[in-house]
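Chains, contacts and geometry: an overview
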Amino acid sequence: MKIKNISLVSVFTSLLVLGLTISAYAAAQSDIPEAEFTFPYIGNRVVIWLISEVHLLFGAFILGTPIFIVVCEYIGMRTKDMRYERLAKEITKVTLLCYAFTVLFGGMFAMFLFALYPKLSAYLLIKFFPIAVGVYSILWVTESTLMYLYWYTWDTLGARKKGLHLAMGIGVNISGFLTMAAINSVASFMLTPPKPVEGATLWQLVNNATWIPLILHRLLGNVCFGGFIAAMIAGYMSIISKTKEDRAFYDWQGFVGTLIGMAFLLPIPIMGYIYSLEIYKYGAELGVYQMSDRLSMFYEINGILTGVLFVGANYYIWLSMKRITGAERFKSIIKIGFIVAFISNAIWVIPRHFIATMILEPGMGYANEAEMMASAELPSHLAFLSLMPAKNIAVTLIILVTLLNYILYWRALKKGEIVWGKIDAMADYVLIFQSFTVIWLMAFMGAVRELNRKFYHVYLHIKDYTVDAFSPTLAYSSVLTTIITAIFFALLSFAIWLMLHKEVAPSK
Amino acid sequence: MSDANSINIKRKAIIAIIALPSVWIISYLLGFPILFRWMFAVYVVVIFLFFLLLDAPAMERRKRGGLSILLTFLIGSVVYTVIGVGFPQYDPKIEREKIRKLTTGRMEMAKIEDPVKLIEAGKDAYDLYECYNCHKLKGKGGAKSRGPELDDIGWESAFYIKEALLDPMAWIPDEFDKPKLRDAMPDYYSEELNEGEYKAVMAYLKSLRLSADKMPRGWWTEPRIILEGKNIYDGITNPSVNCAACHGRDGKSVMSGAREMRDANAKGSEKTDVSRKKPIKEWSDKDWFDAIKKGVPETAMLGWGQALSDSDIWKVAAYCATLSGAKGMTQEKLKAFLETEHGKLLTSYLKKEDERKEKVTELEGEIEGN
């Protein structure tokens, strides 16, 4: 597929969505009835859930990777190491197709939201009209235009005007960041609207209690996501590579992607903590619902998967060290680090009790409170293990183990020699598995943020009167998250194959 | 498989076989319930498998990489879905039913007149709004540090409960006056509750009392209660009840035969019943309550049960006990507390009673419109 065609699809869909939004705004001025249509078999919520999550995952990708790309291009320019240039260019190619996917799913999301939740859509449109139609559209068009210009001028500007090209890349990132900030205002408003909402200015609606924490959380998350996806692309390409040179290049790319992914993963638990703290400060009952009540077990999964990411990254370092001569001497110390990481993760996920709500409910497998406490609740002398100080120590230990392993890696590099492309073939699958974990976790925790509103579309302001106004079980959410991840993966794999398979063709 | 690898695997297996029961026994001895012990056992198995992977021989490059990629997806999908399905679940029907009542069925509460049914409906509303997430009641629900336990809330005045519900920031008990907890109690119930729910919740909360013979939990040392008791004792709250007239403002009796309240060791008159002969420090909660409610036979101490509510009697008792320090709180401690910032807030809070009542009435007006 030619990139020109992709650009046309993106522009056309963007215009269509913009037109639809303006028409919807006009319609919203009159009293809109609640939708009577229910999507067959899966229901309205699942449709919105699926489309919005896939849209968000692509959104995260196209916002995260340009940061990664520009940094790589800059390093390439400074060091004259052409691998950075190639890496930046290849990722950009995939990103361009992902722009089109983002627009397509964004358009679908808007259309389905208007059709299935007209009252809510009308309410949000009226409240945020200047943001949704003005700011967001201008930023989106600016970002897309700059991105396509960035791509088309890559070769024509050449090495002589690299600075101008980089400036264009920075422009893509700035407009991307502002686009995300603009749309985050609506998402955060739905959870933490200003008090009172009536009479609040547009700025008060935008700058609500969790707007900034959400922006920061997503910004870090997106770059981390971009890094892991770049590593996944490296894993894919390494598997299908035919030459030693290509294999060496993708081995190197996998390492760089993972390094960036991990660098931005480290502060995410702290950022998540700050975000949750803001939610708690806004409404303690929201924090309790999240951490101690119906969403508490979702956080167990979050802890386990974050642990998997850290252990996975350290395992990747282990495999990477195998291709450095003389690095065997660090084996024992890294193994001790793994044990520390596993024990820390076990402490991280210890809950106060193994029931999914604050108090026992029928159908949870216990006849009464005493029975539940005997088998599923920490006794009071061990309760400290379920509290934040214990969790903080555990997270800090995992982070320290990871940092230590990277330090050992650099020390091994100083004395030994690295042979790119000679990494254990298992590393390619580790990279793919790591990105699978990141995508699954991101889709899953995104749902948690939405479910936190309980039976409100806009917390304490617009009640959700539909049949879906409840928190689905962990099992249900996990299955749905797996489906979302599969859809995203399938499309992303298609994009990678379509845009990059010629890069490793034997004839090249 | 090489001999070295085989030995390595066997060595790890032996370590795992030793570690598994050791972890189980140690966690049992430490007091971890069975589900936690299972969790640790799973971790041991995962660590064992992971260490096998660490020392596994390098993987060969496959010709059909696509299948391996697909297998990687499948492993991830299955493992994460199984974890999600395997963790504790809840029945969504319960929350759905709650939400149905909150969004459509709650008007039914407004029609209830029968007091017993009203209390039951109040319990329903309490559960619907998930008050148990922060407040412990009958040993169930929220952590103690998050919000006050409500087992004895029924002893509080109706006004106090209304205020705590509708305007929670008006007064925050000392132990909850911390940055993280100060505004933890939602302040939107005047907007969220309808009249029926409000009436029912009030009836339910007023019904919560642990025992008629015991001082409500925490009241012996609670400055707010003690100061309210002092106002009754001094005849400020109700001019027809003035304990100070006989027992003196500072507990030094001013009437012949009146009990000296300042000395915890002083015994009462020999003529009185057995319990009155005991020094104050040995009085049970019931002794205090009966002395005020029923009076002391064959002495000038009358029973004040007609003039004071049971709740007020406990408050007077709490204040009287500070005069001798019989229950832990002394006048000195109280004075020192009132000098603190929180103490000054309490004094100002109590002084603004009229203003507070006005605000609660206004908030109740909002409920009528819901």
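**Observations concerning empty space enclosed by the protein**
Residue and element names in this part refer to chain A. Enumeration over the complete set of coordinates arrives at 1 cavity of 30 Å³ or more. The space that makes up the largest cavity amounts to roughly 30 Å³. Broken down by secondary-structure element, the contributors of at least two residues to the lining of the largest cavity are α8 (244-265) and α15 (426-451). Here the lining of the largest cavity gets 3 residues from one element, more than from any other, and that element is α15. Taken together, the residues of the lining of the largest cavity sort by class into 5 nonpolar, 1 polar and 2 charged.

**Some thoughts on the pattern of salt bridges**
The tally for this structure, following the rule as stated, stands at 36 salt bridges over all chains. Through salt bridges that share partners, Glu156(B), Arg224(B), Glu228(B) and Lys315(B) make up one connected network.

**Notes on the domain arrangement of chain B**
According to the domain assignment, chain B contains domain 1 (1-48), domain 2 (93-210) and domain 3 (219-339). Placing the centre of domain 1 of chain B and that of domain 3 of chain B at their C-alpha centroids yields a distance of 64 Å.

**With respect to the packing of helix α2 (residues 43-79) of chain A against helix α3 (residues 82-116) of chain A**
Residue and element names in this part refer to chain A. The geometry of α2 relative to α3 is characterised by a closest axis approach of 7 Å and an angle of 155° between their N-to-C directions. Considering the angle they form, α2 stands roughly antiparallel to α3. The handedness of the crossing between α2 and α3 comes out as left-handed. Its residues assigned to classes, the contact of α2 with α3 shows 25 nonpolar, 11 polar and 2 charged.

**Considering the interface of chain A and chain B**
Taken together, the contact pairs 91 residues of chain A with 67 residues of chain B. Together chain A and chain B conceal approximately 6,800 Å² of surface at their shared face, both sides included; 69% is due to carbon and sulfur atoms. For the chain A face of the interface with chain B, the top three residues by lost area are Phe342(A), Phe354(A) and Tyr429(A), together amounting to 10%. Seen at the junction of chain A and chain B, the total is 3 salt bridges. For Arg294(A), the salt bridge is made with Glu95(B), and the minimal N-O distance between the two is 3.8 Å. The interface formed by chain A and chain B holds 20 residue pairs in polar contact (both at pLDDT 80 or more) in total.

**Looking at a positive patch on the surface**
Residues Arg329(A), Arg411(A), Lys414(A) and Lys415(A) make up a contiguous surface patch of positive charge. As for its placement among the helices and strands, Arg329(A) is situated in the loop between α11 (296-321) and α12 (331-348).

**Here's the deal with the domain arrangement of chain A**
Residue and element names in this part refer to chain A. In terms of domain boundaries, chain A breaks down into domain 1 (3-303 + 428-499) and domain 2 (324-355 + 376-418). A buried area of about 1,100 Å², summed over both sides, lies between domain 1 and domain 2, and 74% of it is on carbon and sulfur atoms. Broken down residue by residue, the surface that domain 1 buries against domain 2 is led by Phe 255, Leu 266 and Glu 300, which jointly contribute 40%. Linking domain 1 with domain 2 are 0 salt bridges, by the criterion used here. On the surface where domain 1 and domain 2 come into contact, there are 1 residue pair in polar contact (both at pLDDT 80 or more). Broken down by class, the residue content of the side of domain 1 that touches domain 2 amounts to 7 nonpolar, 3 polar and 1 charged.

**Some thoughts on the confidence of the model for chain B**
Confidence in the prediction for chain B averages 88 pLDDT; 95% of positions are at 70 or higher. Looking over chain B, one finds the lowest element-wise mean pLDDT in helix α11 (residues 274-277) of chain B, namely 61, and the highest in helix α2 (residues 34-54) of chain B, namely 95.

**Some details on the nonpolar core**
Within the largest apolar cluster, 177 residues are counted, with the highest numbers of intra-cluster contacts made by Val94(A), Phe189(A), Phe225(A), Met321(A), Phe338(A), Leu492(A) and Ile496(A). A per-element tally of this core places α2(A) first, with 17 residues. Discounting chain neighbours no more than four positions away, the residues touching Met321(A) are Ala327(A), Phe330(A), Ile334(A), Leu408(A), Tyr409(A) and Ala412(A). Counting 41 residues, the second largest nonpolar core, distinct from the first, contains Ala187(A), Leu191(A), Phe455(A) and Leu102(B).

**Quick word on the packing of aromatic side chains**
Residues and elements named next belong to chain A. Counted under the stated rule, the structure contains 51 aromatic pairs over all chains. Each ring, one from Phe 249 and one from Trp 252, has its centre 5.8 Å from the other, and the planes form 35°; the classification is tilted. On the criterion of helical spacing, the pair formed by Phe 249 and Trp 252 is a turn pair, its members being 3 residues apart in helix α8. Like Trp 252, Phe 249 is buried.

Definitions and limits used
Residues numbered from 1 in each chain as written. Chains lettered and ligands numbered in written order. Predicted model: local features only at pLDDT ≥ 70, side-chain atom pairs only at ≥ 80, totals over all residues. Heavy atoms only, no water. 1 Å grid on protein atoms, 1.4 Å probe; cavity = no way out; pocket = protein on both sides within 12 Å on 5 of 7 lines; lining within 4 Å. Points joined across faces, edges and corners; volume = space filled by probe spheres on them. Helix = DSSP H or I, 4+ residues; strand = E, 2+ residues; numbered from the N terminus. Nonpolar A, V, L, I, M, F, W, Y, C, P; charged D, E, K, R; others polar. Salt bridge = Lys/Arg side-chain N within 4 Å of Asp/Glu carboxyl O. Domains from an automatic or database assignment. Axes fitted to C-alpha atoms, helices over the stretch in contact; angles between N-to-C directions. Parallel < 35°, antiparallel > 145°, perpendicular 65-115°, else oblique. Left-handed = near helix turned anticlockwise from the far one by under 90°. Contact = heavy atoms within 4.5 Å. Buried area = accessible area lost by both parts, 1.4 Å probe. Polar contact = N/O pair within 3.5 Å; in protein donor to acceptor, adjacent residues only side chain to side chain. Patch = residues over 30% accessible without salt bridge, like charges linked within 9 Å, V, L, I, M, F, W, Y side chains within 5 Å. Areas by Shrake-Rupley, 256 points an atom, 1.4 Å probe, with all protein chains shown as cover. Lys, Arg positive; Asp, Glu negative; His and termini not counted. Charge placed at Lys NZ, Arg CZ, Asp CG, Glu CD. pLDDT = per-residue confidence, 0-100. Core = buried A, V, L, I, M, F, W, Y, C linked by side-chain atoms within 4.5 Å. Buried < 20%, exposed > 50% of the residue type's maximum accessible area, 1.4 Å probe, protein only. Phe/Tyr/Trp six-rings, centres within 6.5 Å; stacked < 30°, edge-to-face > 60°.

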